[in-house]
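# A look at the structure
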Amino acid sequence: QVHLVESGGGWVQPGGSLTLSCVASGFNASTYSTNWFRQAAGKEREFVGSIHSSEYGFVDNTKYEDSVKGRFTISRDNAKNTVFLQMNNLKPEDTAVYYCNQRFYWGQGTQVTVSS
């Protein structure tokens, strides 16, 4: 069956870094765009960023929400069917449950907490 498994969440101090991973099982994830979303407590789910499928062949195949632009980087390892979300210079407002998504498939979510 097709499912996404996220890992890498946890606690980090402000200014720190954390990398999340999303492993797709049951299909070749590199043929689809992967999106990252997050939902903070009491807030609506918001778009974080995405990476295009490898079929596009774009030089710049990623896009980001303004609040994370320049701090977050999305990449993929096609051989491992894995997409990464590298988060640098984390801020308290980045605290949220992070989800990866491909088409109508969603990961279980992983908690990221940024605090002193």
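Below or above, wherever it landed, is the structure these notes cover. Just so it is clear, the structure is predicted and the values come from calculations on it, not from any experiment. (Residues numbered from 1 in each chain as written. Predicted model: local features only at pLDDT ≥ 70, side-chain atom pairs only at ≥ 80, totals over all residues. Heavy atoms only, no water.)

## Looking at the overall build of the protein
Which entries qualify depends on this criterion: Each helix corresponds to a stretch of at least 4 residues labelled H or I by DSSP, and each strand to a stretch of at least 2 residues labelled E; elements are numbered beginning at the N terminus. To get the radius of gyration, use the C-alpha atoms; to get the globule rule, take the number of residues to the power 0.38 and multiply by 2.2 Å. Under the scheme applied here, a residue whose accessible area is under 20% of the maximum for its type counts as buried, over 50% as exposed, and between as partly exposed, the area being computed with a 1.4 Å probe on protein chains only. Only heavy atoms matter for contacts: two residues are in contact if any of them lie within 4.5 Å across the pair.
Within the protein, the secondary structure is distributed over 0 helices and 11 strands. Each helix (α) and strand (β) of the protein, taken in turn from the N terminus, gives the series β-β-β-β-β-β-β-β-β-β-β. Rg of the C-alpha trace for the protein: 13 Å, near the compact-globule value of 13 Å for 116 residues, within the 12% margin. For the protein, the spread of C-alpha atoms along the principal axes amounts to about 40 × 30 × 25 Å. Burial statistics for the protein: of 116 residues in total, 41% are counted as buried. Here the analysis covers contacts within the protein between residues at least 6 apart in sequence; of these, 54% occur between residues at least 24 apart.

## Focus: the sheet that holds strand 1 (residues 3-7)
Heads up, the condition is: The criterion for strand pairing is that DSSP finds at least two bridges linking the strands in question. Working convention: axes come from line fits to C-alpha atoms, limited for helices to the stretch in contact. Angles between N-to-C directions cover 0 to 180 degrees.
Spatially, the 4 strands line up as an open sheet ordered 1-3-8-7, and their pairing is antiparallel. Looking at the sheet topology across the chains shown, the edges are occupied by strand 1 and strand 7 (72-77). Ignoring strand direction, the axes of neighbouring strands in this sheet form an average angle of 20 degrees. Examined bridge by bridge, strand 7 and strand 8 (residues 82-87) share 6 bridges and lie antiparallel to one another.

## Concerning the pattern of salt bridges
Definition in use: Think of a salt bridge as a Lys or Arg side-chain nitrogen and an Asp or Glu carboxyl oxygen that are within 4 Å of each other.
Overall, the coordinates contain 4 salt bridges when judged by the stated rule. Measuring nitrogen to oxygen at the nearest pair gives 2.9 Å for the salt bridge that ties Asp 94 to Arg 38. Residue Asp 94 is found in the loop between strand 8 and strand 9 (96-102), and its partner Arg 38 is found in strand 4 (residues 34-39); the two are separated by 56 residues along the sequence. Residue Asp 94 shares its accessibility class with Arg 38, and that shared class is buried. Residue Asp 94 is joined to Arg 71 by a salt bridge in which the shortest nitrogen-to-oxygen separation is 2.7 Å. You can see Asp 94 sitting in the loop between strand 8 and strand 9 and its partner Arg 71 sitting in the loop between strand 6 (62-64) and strand 7, a full 23 residues away along the chain. You'll find Asp 94 and Arg 71 in the same group, each marked buried.

## So, the environment of Val 23
If you trace the backbone, Val 23 turns up in strand 3 (residues 18-25). Put simply, Val 23 and Asn 101 are 78 residues apart on the chain and 11 Å apart in space, counted from C-alpha to C-alpha. In this structure, Val 23 is in contact with His 3, Leu 4, Val 5, Lys 80, Asn 81 and Thr 82, ignoring residues within four places of it in sequence.

## Focus: the side chain of Thr 82
This is how it is decided: The definition of a polar contact used here is a pair of N or O atoms within 3.5 Å, where within protein one atom must be able to donate a hydrogen and the other to accept one, and adjacent residues in sequence count solely through side-chain atom pairs.
Note on placement: Thr 82 falls in strand 8. Polar contacts involving the side chain of Thr 82 include one to the main-chain carbonyl oxygen of Lys 80, which spans 2.9 Å. Residues in contact with Thr 82, not counting those within four places in the same chain, are Ser 21, Cys 22, Val 23, Ser 75, Arg 76 and Asp 77.

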